[in-house]
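One-letter residues, chain by chain:
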Amino acid sequence: MSASVTGHAEIAETLIKAGADANASRKDGITALMMAALHSNGTALDVLLSCGADAKLSDKDGHNVFWYLPQNDKMSIEEKERWADRIFELMKK
């Protein structure tokens, strides 16, 4: 999960392809996808989504990735909207 925050998306991808769970969560229910959204890691968002991370999952407080996305202050409104649109499109599949 830390790879989604620290900018090591290629490590996350390798681990997932080797069998790691793309939807693994911490005790509070926060997933790597939520962490990537919170920390503005677009590369990790892309890798996690393409590896099957489920954007519909919620943490223990009922927040999903759409709640985490606007919480960061490093991503522009336009970037947040682009990611929200991409995540929403993938959720429809």
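So, a few notes on the structure that sits alongside this text.

Reading guide: rules and limits
- Residues numbered from 1 in each chain as written.
- Predicted model: local features only at pLDDT ≥ 70, side-chain atom pairs only at ≥ 80, totals over all residues.
- Heavy atoms only, no water.
- Salt bridge = Lys/Arg side-chain N within 4 Å of Asp/Glu carboxyl O.
- Helix = DSSP H or I, 4+ residues; strand = E, 2+ residues; numbered from the N terminus.
- Buried < 20%, exposed > 50% of the residue type's maximum accessible area, 1.4 Å probe, protein only.
- Core = buried A, V, L, I, M, F, W, Y, C linked by side-chain atoms within 4.5 Å.
- Contact = heavy atoms within 4.5 Å.

With respect to the pattern of salt bridges
Evaluated as defined, the whole model comprises three salt bridges. Residue Glu13 is joined to Lys17 by a salt bridge in which the shortest nitrogen-to-oxygen separation is 3.2 Å. Residue Glu13 and its partner Lys17 are both found in helix H2 (residues 9-17); the two are separated by four residues, about one turn of the helix. When its relative accessible area of 64% is taken as the criterion, Lys17 is described as exposed.

Describing the nonpolar core
Membership of the largest hydrophobic core comes to 24 residues, with the highest contact counts inside it found for Leu33, Ala37, Leu45, Leu48, Val65, Leu69 and Trp83. When residues of this core are traced back to their parent elements, those giving at least two are H2, helix H3 (32-38), helix H4 (42-50), helix H5 (65-68) and helix H6 (77-91). The greatest single-element share of this core, amounting to six residues, is contributed by H3. When near neighbours in sequence (up to four residues on either side) are disregarded, Val65 contacts Leu33, Met34, Ala37, Ala55, Leu57 and Ile87.

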